[in-house]
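Letter by letter, the chains look like this.
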There are 2 protein chains.
Amino acid sequence: MKLYSSTRAPNPRRVAMFIAEKGIDNIEQVQVDLGAGQHRGADYLAKNPFGRVPALELDDGRILCETRAICSWLEGHAPEPNLMGDGYDERAFIEMADRRIELHLFSGAANSIRHTHPGLAALEQPQFPDFGAVQAQRMRETAQWLDRTLAAQPFVAGQRFTIADITAFCALEFARGLMRFRPGQEGMAHLQAWRDRIAERPSAAALG
Amino acid sequence: MKLYSSTRAPNPRRVAMFIAEKGIDNIEQVQVDLGAGQHRGADYLAKNPFGRVPALELDDGRILCETRAICSWLEGHAPEPNLMGDGYDERAFIEMADRRIELHLFSGAANSIRHTHPGLAALEQPQFPDFGAVQAQRMRETAQWLDRTLAAQPFVAGQRFTIADITAFCALEFARGLMRFRPGQEGMAHLQAWRDRIAERPSAAALG
């Protein structure tokens, strides 16, 4: 298998952390240079017409795109440790938690950064900075909800580490790097403590 | 079970169509009046802190939110007909198709409508009309990709009807109603023919 990826982008990091948690070691990594526009070149568009990373090329040549779909495939391919739910009931509740993080925390951070950061002006054309500012506010509201959630349970989806923790951690690391967001400095002690615990996992350290 | 829903909103329609395809008939429907702001009231926020519809209240009192997570639960509860994939490989590829529709077609239409339609000014504050216009353009680019896809295969995810067809149909109906989008009038004959075939399914007619 080959994973087309880009080390610094947040969605590839989600898949990299998922793979590290699973201990899967037979995936060749191919770097796609976003800064050089390689994701918009004909070769890559033939693999993913949406020009996004990551994309997983299976051994039979089929190409699977979309971060969470790639994780779903890997969960079936390497079931242990379970990260997406055991049985349909738990799977659905973990999916709920993961989507809340994706749709509100991750998207809020990504939209804020894409529409306000000078370094992303070439990727997001045109930028709408006022829209980005509202998205940053929504990201913080979601972070406050997550802080309250983590006051009552140790992990994002409940009592154990799941894909929802990976999504939330990668969203926070993205916001930490490009929005200088530090939950602890904004009164979110539970979220900060959770983030610091997750950062100690070998899978997080593996992200570099 | 109780489904908190709002007939005209596009996400509740996805779940309603999914339920109709499954033939599940033991779910009580509770209407949430978005126009009156009922989704922002304390009673509803106690059920879903994000104030979104739909939400599924299970018989044991737990509440499951997020459209696709609700569908995942119902797929496990009522496995036939299969709409989300049989085995992890097919499930992942259907998830890829469903997410492409969600992230590019559905979100493009929803963001365009929320940021430009006068009727949604109360729901989306502030509106950014220029951002909405760019989103409308992205929705059309995704529709053109889907038109090409449907020239080569009968359904959104491949050879059979799946949840990805439901997501795409509800996105197009939303865009049809509030953006006056007609694929056939914009040179997308395959997409129009697919839409017209899906509209004949009893599950689509059931949406009213």
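About the cut-offs
- Numbering of residues starts from 1 in every chain and runs along the sequence as written.
- To read the labels, note that chains go from A and ligands from 1, taken in the order they are written.
- In keeping with the model being predicted, local features are shown solely for residues with a pLDDT of at least 70 and side-chain atom pairs are shown and tallied solely at 80 or more, while totals for entire chains, interfaces and linings include all residues.
- The basis for every side-chain value is the complete set of heavy atoms in the structure, and neither hydrogens nor water enter the calculation.
- When the copies are overlaid, the least-squares fit takes in C-alpha atoms only where the residue has pLDDT of at least 70 in both copies.
- Any two residues whose heavy atoms approach within 4.5 Å at even a single point are treated as in contact.
- Using a 1.4 Å probe, buried area is obtained as the accessible area two parts lose upon being combined, added over both of them.
- Any Lys or Arg side-chain nitrogen located within 4 Å of an Asp or Glu carboxyl oxygen qualifies as a salt bridge.
- Polar contact is the term for a pair of N or O atoms within 3.5 Å; when the atoms are in protein, one must be able to donate a hydrogen and the other to accept it, and sequence-neighboring residues count only if both atoms are side-chain atoms.
- Secondary structure elements follow DSSP: runs of H or I of four or more residues count as helices, runs of E of two or more count as strands, with numbering from the N terminus.
- In this scheme, strands are said to pair when DSSP sees at least two bridges between them.
- For helices, the fitted line uses only the C-alpha atoms of the stretch in contact; every axis is such a line through C-alpha atoms, and the angle between N-to-C directions lies from 0 to 180 degrees.

Undergrad: Describe the relation of the copies chain B and chain A, and please don't skip the residues or the numbers.
TA: Mapping chain B onto chain A calls for a rotation angle of 180 degrees and an axial translation of 0.0 Å; the resulting RMSD is 0.0 Å. This pairing of chains is accounted for by a two-fold axis. Taking C-alpha positions as reference, the residue of chain B nearest the rotation axis is F131(B), located at 3.9 Å.

Undergrad: Residue-level account of the interface of chain B and chain A, with values.
TA: At the junction of the two partners, chain B supplies 39 residues and chain A supplies 39 residues. A buried area of about 3600 Å², summed over both sides, lies between chain B and chain A, and 60% of it is on carbon and sulfur atoms. By the criterion of area lost to chain A, the three top residues of chain B are F50(B), Y88(B) and R99(B), representing 18% of everything that side buries. Residue E102(B) pairs with R99(A) through a salt bridge whose shortest N-O separation is 2.7 Å. Inspection of the chain B/chain A interface yields 12 residue pairs in polar contact (both at pLDDT 80 or more). Breaking the side of chain B that touches chain A down by element, the ones donating at least two residues are β4 (63-65), α3 (67-77), α4 (88-116) and α5 (129-152) of chain B.

Undergrad: How would you explain the sheet that holds strand β2 (residues 28-31) of chain B if you had to name every residue and give the values?
TA: Residues and elements named next belong to chain B. Across the sheet, which stays open at both edges, the 4 strands sit in the order β2-β1-β3-β4 with mixed pairing between neighbours. Sheet topology places β2 and β4 at the edges, where each strand pairs with a single neighbour. Strand after strand, the sheet turns through a mean of 25 degrees between neighbouring axes, direction not considered.

Undergrad: Describe in detail the pattern of salt bridges, supporting the description with residues and values.
TA: With the rule as written, the count across this model stands at 26 salt bridges over all chains. For E21(A), the salt bridge goes to R201(A), with nearest N and O atoms at 2.8 Å. Residue E21(A) is found in helix α1 (residues 10-22), and its partner R201(A) is found in the loop between α7 (189-199) and α8 (202-205); the two are separated by 180 residues along the sequence. Via salt bridges that share partners, R14(A), E102(A) and R99(B) belong to a single interconnected network.

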